[in-house]
Amino acid sequence: MNSLQSFLAVAPVAAKPARPSVGASRLVAPPPRRGRVVACLAPAAAPPPTAGAASGAARRELSAASMAVVEDEARYLVGTYKRSRVVLDAGRGCKLYDLDGREYLDMAAGIAVTAIGHGDPDLTATIARQASTLIHSSNVQYTRPQVALAKRLVEASFADRAFFANTGTEANEAAIKFSRKFQRAAHPDNDAPPAEFLAFDNCFHGRTMGSVALTSKSQYREPFAPVMPGVTFVEYGNLQEAKKVIQTGKLAAVFVEPVQGEGGIHSATQEFLQGLREACDEAGTLLVFDEVQCGLGRTGYLWAHEAYGVEPDIMTLAKPLANGLPIGVVLVKEKVAAAINYGDHGTTFGGGPLVCQAALTVLDKIQKPGFLAEVSKKGENFKQLLRTKLSGNPHVKEIRGVGLIVGIELDVPAGPLVDACLDAGVIVLTAGKGNVVRLVPPLIISEKELELAADVIRDCLPALDDTSS
Ligand SMILES: Cc1ncc(COP(=O)(O)O)c(C=O)c1O
């Protein structure tokens, strides 16, 4: 039996054990296990699959319990997602466990979300404590966690004030409204103040009607036309073209990701961001950095833009801030906040005490001395490892990224490789036009786990030849 076969060899599912408890005394207990599992993180027992291993998620047998979930999903959910055939049930650190007891190394972190890993005992204790104190109250009254989190984010950033939302797209939606309101206040005698936007090829800013209008992929926008009008897209990095649009004076704001995630892991240059800053200042246009995916430590800097020495007027955050509880944030300079009045914007759930208290615990960990330096070091070593292990494969065009947001660009669709990695016990994502493997693991991942991921990706590369030959 080769190692892949042994990974797939899971004994029949036993009676369903109790779920992990949130009780403080059991916070660090291992997750429930079912049947015999060959742990992918124990290379001595289960080395990475051999070259030529079978690919295709459908090759994994699902238990009756998992199949019931898959079938009910198909019956009862709106079909918005093309899911991998795996039913996840529990997580600890950088490992995930499916309903059938298989173990996976999580190189996706729930799409760049679970920065401090799964089942962190401090976060779990915070959530349990806050849940038993106060979960929700609305924004009609004050709560301490919301104000404490705003203070913490403002003190750690360029910003003067914060607004809390619930998701990345909502944060961007708020940034759109704030930009327009700012321009209205800045042009009191103008019936039609600057209200248009500039965004860039391969960008992703979300799915609601404003954010999706700023998102470059036409297939996300066109089925829902008309979306918010007045958005121009320019090639990412093309400062000359961007300047021409900014200089029209019609823009409320420029939206840009310092490192594009969904679009294929592309980093801006210093010259590009600096040039946008200068052009925006000259035209009175706001500069918005969308750090929903690349912010909060993922690049090895607390804010991705720190590496460039360029500050925005507005920054949007979301994914990792509460490690999986839904949160979005808009951080703004005082001049933007000054244009926003009571009633201009709001949300029932945004900034609730549970999620804000959780975010404070996440920030405690990310801002711990040495944490970000470790992210940088692990990211550099990982890229080097990938270059060493994958070099020579004709499908691998480039390995790029910064910190722990890493992309492997291929000359073919990445799907078969992603499926083979899943079969081999490593969860990875795609990006770009489907030809980039996106690696955004929990930031707490160990060097040993990164090496295992690199080995599995290398050994699964032959899966690409199934489609390309
Ligand atoms: C850069 C960026 N902005 C915005 C979003 C939208 O965030 P959400 O899915 O939380 O609405 C995403 C999601 O992937 C993102 O990567």
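Residues numbered from 1 in each chain as written. Predicted model: local features only at pLDDT ≥ 70, side-chain atom pairs only at ≥ 80, totals over all residues.

The name an unreviewed UniProt entry assigns to the chain is acetylornithine transaminase, from the organism Digitaria exilis. In its Pathway (unreviewed entry) section, UniProt records this for the chain: "Amino-acid biosynthesis; L-arginine biosynthesis; N(2)-acetyl-L-ornithine from L-glutamate: step 4/4." If you open the UniProt record of the chain and go to Cofactor (unreviewed entry), you find "pyridoxal 5'-phosphate". (UniProt positions renumbered as here; feature names shortened; annotations may be inferred.)

### Notes on the overall build of the chain
A tally of regular secondary structure across the chain gives 15 helices and 17 strands. Sorting the 469 residues of the chain into buried and exposed places 49% on the buried side. Long-range pairs, those at least 24 residues apart, make up 75% of the contacts in the chain with a sequence separation of at least 6. (Helix = DSSP H or I, 4+ residues; strand = E, 2+ residues; numbered from the N terminus. Buried ≥ 20, exposed ≤ 12 C-beta atoms within 10 Å, placed from the backbone. Contact = placed C-beta atoms within 7 Å.)

### Description of the nonpolar core
Counting residues in each nonpolar core, the largest one holds 128 residues, and the members touching the most others are V254, V329, V330 and C421. Contacts of V254, omitting those with residues within four sequence positions, involve L198, I246, L276, C280, T285, L287 and V288. (Core = buried A, V, L, I, M, F, W, Y, C linked by C-beta atoms within 7 Å.)

### Notes on the site of the ligand
In the vicinity of the ligand, 15 residues are found, and the nearest of them are T167, G168, T169, V292 and Q293. With three residues, the single largest contributor to the shell around the ligand is helix α6 (residues 168–186). Taken together, the residues of the shell around the ligand break down into four nonpolar, eight polar and three charged. (Near = placed C-beta within 6 Å. Nonpolar A, V, L, I, M, F, W, Y, C, P; charged D, E, K, R; others polar.)

### A look at the sheet that holds strand β12 (residues 328–332)
Spatially, seven strands are ordered β4-β12-β11-β10-β7-β5-β6 in an open sheet, and the strand pairing comes out mixed. Of all strands in the sheet, those bounded by a partner on one side alone are β4 (161–165) and β6 (231–234). Averaged over all adjacent pairs, the angle separating strand axes in this sheet is 20 degrees, with direction ignored. Judged from the four bridges that link them, strand β7 (residues 251–256) and strand β10 (residues 286–290) form a sheet pairing that is parallel. In the sheet register, V256 faces β10, and the bridge partner there is F289. Against the sheet, helix α5 (residues 144–155) makes contact with β4 and β12, and its axis sits at roughly 125 degrees relative to β4, the strand it touches most. The strands touched by α6 are β4, β7, β10, β11 (314–317) and β12; relative to β12, the strand with the most contacts, the crossing angle is about 30 degrees. (Pairing = 2+ DSSP bridges. Axes fitted to C-alpha atoms, helices over the stretch in contact; angles between N-to-C directions.)

### Structural notes on the pairing of strand β13 (residues 396–402)
Where β13 lies against strand β14 (residues 405–410), six bridges are found, and the strand directions are antiparallel. Note that in β14 the partner of V396 across the bridge is L410.

### Thoughts on the environment of Y220
Looking at where Y220 falls in the secondary structure, it is placed in helix α7 (residues 218–221). Given 17 C-beta atoms within 10 Å, Y220 falls into the partly exposed group. Between the alpha carbons of Y220 and G206 there is a distance of 9.3 Å; along the sequence they are 14 residues apart. If near-sequence neighbours (up to four positions away) are discounted, Y220 is found in contact with R207, V212 and T215.

### Some thoughts on unusual backbone geometry
In this chain, A225 is followed by P226 through a cis amide linkage whose omega measures 0 degrees. Residue placement: P226 occurs in the loop between α7 and β6. Positive phi is not limited to glycine here, since A109 has a value of about 55 degrees. Position of A109 relative to the elements: it lies in helix α3 (residues 109–112). A residue is classified by how many C-beta atoms lie within 10 Å of it, and A109, with 29 of them, is buried.

### Thoughts on the sheet that holds strand β15 (residues 426–427)
Taking strand neighbours across the sheet as the criterion, the four strands line up as β1-β2-β3-β15 in an open arrangement whose pairing is mixed. Each edge of the sheet is formed by a strand with only one pairing partner; in this case those strands are β1 (88–92) and β15. As paired elements, strand β2 (residues 95–98) and strand β3 (residues 103–106) share three bridges and run antiparallel to each other. Within the sheet, the bridge partner assigned to L96 lies in β3 and is Y104.

### Examining the packing of α5 against helix α11 (residues 353–366)
The axes of two packed helices give the description: the angle between them and the distance between them. The contact between α5 and α11 brings their axes to 8 Å, and the two run at 35 degrees. In the packing of α5 onto α11, the handedness of the crossing is left-handed. Within the contact between the two elements, α5 uses P145, Q146, A148, L149 and R152 and α11 uses P353, C356, Q357, A359, L360 and L363. (Left-handed = near helix turned anticlockwise from the far one by under 90°.)

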